[in-house]
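Structure assessment
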Amino acid sequence: MIRSRTVVVVGALAAAGFLVSPVVRSQVAGAAPDSAPCADPSGRPWCDRGLSAERRAEALVAALTGEEKKALLAGDDLVGPLRAADDPKYRAGTVHGVPRLGIPELYLVDAGSMGVKQGPNTALASGLSLAATFDPQAVRQAGALVADEAVHHGNDVVLGPAVDLMRTARSGRAFEAYGEDPLLTSRMGASWIGSVQARGLIAQVKHFPANNQEANRYSVNAVVSERALREVYLPPFEAAVREAKVGSVMCGYNLVNGLPSCSNTPLLDGVLRKQWGFTGFVVSDWMRGVKSTDGSMKAGLDLEMPVGVQYSPPALGSALENGKITWTDVDARLRARFRTLFAFGVFDRARPVNDGRIDYTAHGRTAQQLSEQGITLLKNTSGVLPLKAGTKIAVIGKPAAQVRSAVGSAYVKPVSSITPLKALTTRAVAKNVTYRDGTDVAAAVKAARAAKAAVVFVADARAEDADVTCLTLRCGDGKLGDQDALVTAVAKANPNTVVVMQTGGPVLTPWAGKVRGIVESWYAGGPGGTAIARVLFGDVDPGGRLPVTFPAAEKQAPASGNASQYPGVGDTVRYSEELLVGYRHYDAKGYVPAFPFGYGLSYTSFKFTSLKVSRTGVSVTVTNTGRRRGYAVPQLYLGLPSSKAVPEPAWQLRGFSKVALAPGASARVTFPLDARALSYWNTSSHSWQRAKGCAKVMVGSSSRSVALTGSLC
């Protein structure tokens, strides 16, 4: 049914003058070119590698005809996005080339934190799991894996990472990005981009900016103050541009302060290009991202995807004829893209398809290790974990026999996978494992009562294009039944009950006081079952810490109970909470969350000592005081001086580190500080200004667990 609809749509677009059929044919035929487009530079000055990328782009644009220029401003494949998950011949988008000038087709693939969506590939754990590692080195490993598969599939641009902050806990795409804190998101996003672009690929950071909900996502107008934009929502994009030198930016569906993201001159031209010095190209989100032809052209949108609507040849021709845009505007948009392609070597190298050279076995091991680093231990009363060899276990819940993921452009079909049930059965030996899916609660209770320990698997259901309607485990996937009731019944039958949550964001845990163990495994990826089993049996220390706050009640969650803040009134959502996003909201309201930002347990214990504070950094000694090797994640929070004129959150994350320590071992950890860490955005001068007075310094294991304090004046 989907395919027949696609054929109809493609045919209708072609009849209306949209250029779609050439790339549909080339996509089905497959194959990126086997030789570099500029292998033969004769008669093509843009192939002179001695020239700058800018000069080469100028020469190439000058050689194009008017019709070629209009045709190059949009993609031309609707089939790819619908078929990419199952068939490696397809990808998220293609922009046709110009053979007479040696301009190659441009291939764009959905390839964010969860892997490459182009047929079955290595399915990594979710972006939230990666954020939970609190480890930029882990992110670099993930980026390198994604880049390797994207390169061997013959791609040029990877559509990631997503660095949208989780403003509301109900966010359908919370799983895809890096949580609720701008610093953590900035560090993770920049590391991922650097790793991907080191392979010659062009990363495309998204969705610029303030794209924080799926409710009314095509039309919602985010009304955000200048200070909140600068301090909360823009920093991850700024780090992507200034630190990671990202090659491409994707603007979102939403409006920001009344202007569509893809037609937002103050943000695209003013902030992105003029203030941050971005020299790459801007691409629209797929379908309905572009709201106008002239508005987007003037603001700086360089490419409409996946096909041209506002940037179709007829629409562009009309705008040119009416004087709404000029050929100078068109040339500027093309130069931005070609300049980037030359800078990244797209014209100077071959990009053959070498699917057979992907080492999926090695990638699976890496994906498993990354998943282990993101798994977060939230409760471990009476040492119920790790499970001991030979323990008779009742495994309960449908998610145990599933590889859970989310729906949307980030979904990757696993090339190989293992369920938690299979992994636990192998690790514990089959005779020691009893499984009940929980449909028959009485049968689950009976199995739990007969076992030494009960491990209950629960899950939520997150998806692009829809936020969850509530935070309980009853919301989302109706096929899983009342999971809260199931956990409560099992816990009553077996005191050694452990709950393993497979979620794409925060959920409520009303049964937390009734169970001894809680593990957040997120969407753990294809090999996630093995990772979960290894953590439960203590083969590896749980390496994760929470990148998002888990509320104790729905009413505690940010933007809950205020329709103007979420989901909005009349398509307008007001960010009236200003800087109080995530844990800052809970601190300001005096709420005690179920599990705070930065929180996570280890199978060992740590002590923080010897705090030293200077203008350039804060350092602390971390010692493993337990009997096992484990991971410590010390975190630095600063409380900047607050006043009525310049209110500040109680504290903000300003540094973090991750260290693996053997029993008795110590490490000295330093958190560098720069001027930005001690500054706020001054809306009068429209610039960063150093806060006056003394900042409170706090180092601890979470936003609510401070071990050492000091001051910095």
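Summary of the structure given here. The shown structure was predicted, so the numbers you read here are calculated from the model rather than taken from an experiment.

Topic: the sheet that holds strand 23 (residues 652-656)
Pairing is antiparallel in the open sheet, where 4 strands are placed in the order 23-22-28-29. For this open sheet the edge positions go to strand 23 and strand 29 (705-712), each flanked by a neighbour on one side alone. Within the sheet, the average angular offset between the axes of one strand and its neighbour, ignoring direction, is 30°. As defined by bridge partners, strand 22 (residues 635-639) adjoins strand 28 (residues 695-702) across 5 bridges and the pair is classed as antiparallel. Within strand 28, the residue paired with L636 across the bridge is V699.

A short note on the packing of helix 17 (residues 441-449) against helix 18 (residues 483-493)
Across the interface, helix 17 lies against helix 18 with an axial gap of 8 Å and an inter-helix angle of 35°. Relative to helix 18, helix 17 is oriented so that their crossing is right-handed. On the side of helix 17, the interface is formed by V441, A444, V445, A448 and R449, while helix 18 contributes L486, A489, V490 and A493.

With respect to the state of the cysteines
This model, assessed by the stated rule, comprises 4 disulfides. Each sulfur of the disulfide joining C470 and C475 lies 1.6 Å from the other. When the S-S torsion is 105°, as for the bridge of C470 with C475, the disulfide is right-handed. By sequence order of its bonded cysteines, the chain has the disulfide arrangement 1-2, 3-4, 5-6, 7-8.

A short note on helix 8 (residues 182-197)
With 16 residues, helix 8 should reach 22 Å at 1.5 Å per residue; the first-to-last C-alpha distance of 22 Å fits that figure. With a side-chain oxygen lying 2.9 Å from the backbone nitrogen of L183, the N-terminal cap of helix 8 falls on D181.

Considerations on the sheet that holds strand 10 (residues 259-260)
Sheet architecture is open: 4 strands sit in the order 10-9-7-18, paired in mixed fashion. This sheet does not close on itself; its edge strands, each paired only once, are strand 10 and strand 18 (572-574). Relative to strand 9 (residues 255-256), strand 7 (residues 221-223) runs parallel, the two sharing 2 bridges. Bridge assignment links N221 to a residue of strand 9, and that residue is L255.

Re the packing of aromatic side chains
This structure, assessed with the given rule, holds 15 aromatic pairs. The interplanar angle of 25° and the centroid separation of 4.3 Å between the aromatic rings of F342 and F347 together place this pair among those described as stacked. Taken as a pair, F342 and F347 share a single burial class, namely buried. Through a chain of ring-to-ring contacts, three or more aromatic side chains come together here, namely F134, Y583, F597, Y637 and F656. The ring of Y107 is capped by R91, whose NZ or CZ atom sits 4.0 Å from the centre of that ring. Sitting over the ring of Y631, K658 keeps its end group 5.1 Å from the ring centre.

Rules used in this analysis
- Residues numbered from 1 in each chain as written.
- Predicted model: local features only at pLDDT ≥ 70, side-chain atom pairs only at ≥ 80, totals over all residues.
- Heavy atoms only, no water.
- Pairing = 2+ DSSP bridges.
- Helix = DSSP H or I, 4+ residues; strand = E, 2+ residues; numbered from the N terminus.
- Axes fitted to C-alpha atoms, helices over the stretch in contact; angles between N-to-C directions.
- Left-handed = near helix turned anticlockwise from the far one by under 90°.
- Contact = heavy atoms within 4.5 Å.
- Disulfide = S-S within 2.5 Å.
- Expected span 1.5 Å × (residues − 1).
- Polar contact = N/O pair within 3.5 Å; in protein donor to acceptor, adjacent residues only side chain to side chain.
- Phe/Tyr/Trp six-rings, centres within 6.5 Å; stacked < 30°, edge-to-face > 60°.
- Buried < 20%, exposed > 50% of the residue type's maximum accessible area, 1.4 Å probe, protein only.
- Lys NZ or Arg CZ within 6 Å of the ring centre and 35° of its normal.

Treat this as a map of the structure, not an account of what it does.
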